[in-house]
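Below are the chains, spelled out letter by letter.
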Amino acid sequence: MAALSPASKKAIANLRAFTAQPTNYYKCPLKRRAAVLILLFADRRGDLRVILTIRSSNLRSYAGQAALPGGKADTLQETPFMTARREAFEEIGLPMSDHKLPTGYEVEHLTELPANLAMTELGVRPCVAFLKTPAPSPRNENPDAARDLLPKLDAKEVAAVFTAPFYNFLQDKDVDPETRRSVPGGWYKGSWHSWHETAWRMHQFFVPVTPSTVFLAHSQPRPARATEERPLEEAGATMPSSAQPKKTLPGKPSQSTLQPPLPRSFYAIAGDTLQQPRYRVFGMTARILVDCARVAYGEEPEYEHNSHFGDEDMIDRLLKIGYLSPVKKDGEILTRDVMMKAAQAKM
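Residues numbered from 1 in each chain as written. Predicted model: local features only at pLDDT ≥ 70, side-chain atom pairs only at ≥ 80, totals over all residues. Heavy atoms only, no water.

S.K.: What is the right way to read unusual backbone geometry from this model?
M.R.: Glycine aside, a negative phi is what most residues show, and trans is what most peptide bonds show. The backbone of E121 shows a phi angle near 65 degrees, a positive value even though the residue is not glycine. Assignment of secondary structure puts E121 in the loop between β6 (116–117) and β7 (123–132). (Helix = DSSP H or I, 4+ residues; strand = E, 2+ residues; numbered from the N terminus.)

What follows is the structure in structure tokens.
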């Protein structure tokens, strides 16, 4: 396997050793289950990068947004990792079995993180995997996943596949000094928002893209799946739990610092996404990446953030009041009254 830096080796070991709290994912009915794939690989310096996508412009909603590969479960027998791996195949063409990968490459399932509650009222289980690179050989003297695999993926449902420096999701500035000098714009923006009386941190990361880190889809996109079948990326954010926010800087957000709920226009993409020097990663996707990096590197972010991982407690409470039913009723939304009722549920 290609050499990992000491920090990357420790990060992979931490993820292998991580065991999440008992999940409420399996208590959710089938139509409320979904999973995403956090696929990590080592770059030429041995640092970890994560694979993301830009949603196709032909999708019915939230076209052009960044997302992790993922989607809804097909059957009750399908595990979260099976769902995430299948969706990665359908969206970006990642083979379902290792023997269909380039020689020597394989995907190792490292761990799963606590489930998140999407705005579309799904329990979303993040699955973390490592794309192992083969050791140098006469056939491939310099293995490079970004060269050997990503450009060859048969992307069907996305406009582009791109990669981001994984450790950078704990930082408030670009880690690479050269990037700061050569790519316009900054890495991080964040703000506290009030969501049904709960303080919730909205993260926005602006990932610099170069010819070696972004790969445009080279096949014709499939017809867009219906909205109810593509709920993850469309959410753009996650419902916060009732846990109090934690700040890595002194103090806590006051009412005067809280912003109102984000307007729908916030989720719009200005101009041609693929022509931007940086791709914006935000909402639920950003939060999941932050939590995964916290586990991997054993560090807290430089910026302010919610301290809890996922939304297991809130999912459990909503299930106990009978809210996350197998069929979503017309007009059913997570209102303040519903959240307050869930918070008072006996556990």
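S.K.: Explain the pattern of salt bridges to me, please; I cannot follow it from the model alone.
M.R.: Pairing is possible between side chains that carry opposite charge, provided their charged atoms lie close to one another. Counted according to the given criterion, the structure contains 23 salt bridges. The salt bridge involving D311 is made with R287; its shortest N-O contact spans 2.9 Å. Remark: R287 occurs in helix α6 (residues 283–297) and D311 occurs in the loop between β14 (305–306) and α7 (312–320); sequence separation between them is 24 residues. An identical accessibility class is assigned to D311 and R287; each is buried. Residues participating in the shared-partner salt-bridge network are D74, E78, R86, E87 and E90. (Salt bridge = Lys/Arg side-chain N within 4 Å of Asp/Glu carboxyl O. Buried < 20%, exposed > 50% of the residue type's maximum accessible area, 1.4 Å probe, protein only.)

S.K.: Could you clarify how one ought to interpret the packing of α7 against helix α8 (residues 336–343) in this entry?
M.R.: Working note: a packed helix pair is described by the angle between its axes plus the distance between those axes. Packing of α7 against α8 brings their axes to within 8 Å, and their N-to-C directions diverge by 95 degrees. One way to sum up the angle between α7 and α8 is to call them roughly perpendicular. Counting all contacts with α7, which are made through M314, R317 and L318, the residues of α8 involved are V338, M339, A342 and A343. Class assignment of the residues belonging to the contact of α7 with α8 gives a composition of six nonpolar, no polar and one charged. (Axes fitted to C-alpha atoms, helices over the stretch in contact; angles between N-to-C directions. Parallel < 35°, antiparallel > 145°, perpendicular 65-115°, else oblique. Contact = heavy atoms within 4.5 Å. Nonpolar A, V, L, I, M, F, W, Y, C, P; charged D, E, K, R; others polar.)

S.K.: Which parts of the structure should I look at to understand the environment of G104?
M.R.: Relative to the elements of secondary structure, G104 occurs in the loop between α2 (80–92) and β5 (106–112). Residue classification places G104 among the partly exposed residues on the basis of a relative accessible area of 41%. Through-space distance from the C-alpha of G104 to that of T133 is 6.7 Å; in sequence the pair is 29 residues apart. Ignoring sequence-local partners within four residues, the contact set of G104 consists of K132, T133 and P134.

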